[in-house]
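So you can see what is in the structure, the chains are spelled out below.
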Amino acid sequence: MKVIENSEYVTIGELVRLSNVRYSTLKYYTEEGMLPFEQAEENLTRRYKREQSISQIQKIKALRQEGKSISEIKAALKIDFF
């Protein structure tokens, strides 16, 4: 776990362990464009910037707790990107 915690990039499986969020939820956030990733060309593995992704997941969780819908969360995150 220490190696994962110190890595610049992590896989979605590693992100599950770090964030305590289900795989299917992170996959959904990725597919909805709420969780950015980079894709390694050799095996097409999605790699997430660890610190940025954890921060993004925390923002999403906070907005969900406020009762925001997915479209409202996307709009709020879009504002944060710019």
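Definitions and cut-offs
Residues numbered from 1 in each chain as written. Predicted model: local features only at pLDDT ≥ 70, side-chain atom pairs only at ≥ 80, totals over all residues. Heavy atoms only, no water. Pairing = 2+ DSSP bridges. Helix = DSSP H or I, 4+ residues; strand = E, 2+ residues; numbered from the N terminus. Axes fitted to C-alpha atoms, helices over the stretch in contact; angles between N-to-C directions. Parallel < 35°, antiparallel > 145°, perpendicular 65-115°, else oblique. Left-handed = near helix turned anticlockwise from the far one by under 90°. Contact = heavy atoms within 4.5 Å. Nonpolar A, V, L, I, M, F, W, Y, C, P; charged D, E, K, R; others polar. Core = buried A, V, L, I, M, F, W, Y, C linked by side-chain atoms within 4.5 Å. Buried < 20%, exposed > 50% of the residue type's maximum accessible area, 1.4 Å probe, protein only.

**Topic: the sheet that holds strand β2 (residues 38-39)**
Paired through backbone hydrogen bonds, the strands of a sheet run either parallel or antiparallel to each other.
1) Next: The strand order across the open sheet formed by 3 strands is β1-β3-β2, and the pairing between neighbours is antiparallel. Each edge of the open sheet is held by one strand with a lone partner, namely β1 (9-10) and β2.
2) Next: Relative to strand β3 (residues 46-49), β1 runs antiparallel, the two being bridged by 2 bridges. Residue pairing across strands places Tyr9 opposite Lys49, the latter belonging to β3.

**A closer look at the packing of helix α2 (residues 12-19) against helix α4 (residues 50-65)**
1) Next: Taken N-terminus to C-terminus, the directions of α2 and α4 make an angle of 55 degrees; their axes are 11 Å apart at the nearest point. Classified by the angle between their axes, α2 and α4 sit oblique to one another. The handedness of the crossing between α2 and α4 comes out as right-handed. From α2, Leu15, Leu18 and Ser19 reach across to α4, where they touch Arg50, Ser53, Ile54, Ile57 and Lys61.
2) Next: In the contact of α2 with α4, the residues fall into 4 nonpolar, 2 polar and 2 charged.

**Comments concerning the nonpolar core**
1) Next: With 15 residues, the main nonpolar core has Leu15, Leu26 and Leu35 as its most contacted residues.
2) Next: Secondary-structure elements contributing two or more residues to this core are α2, α3 (23-31), α4 and α5 (70-81).
3) Next: Sorting elements by how many residues they give to this core places α4 first, with 3 residues.
4) Next: If we ignore the near neighbours within four places in the chain, the residues touching Leu26 are Ile12, Leu15, Val16, Ser19, Val21, Leu35 and Ile57.

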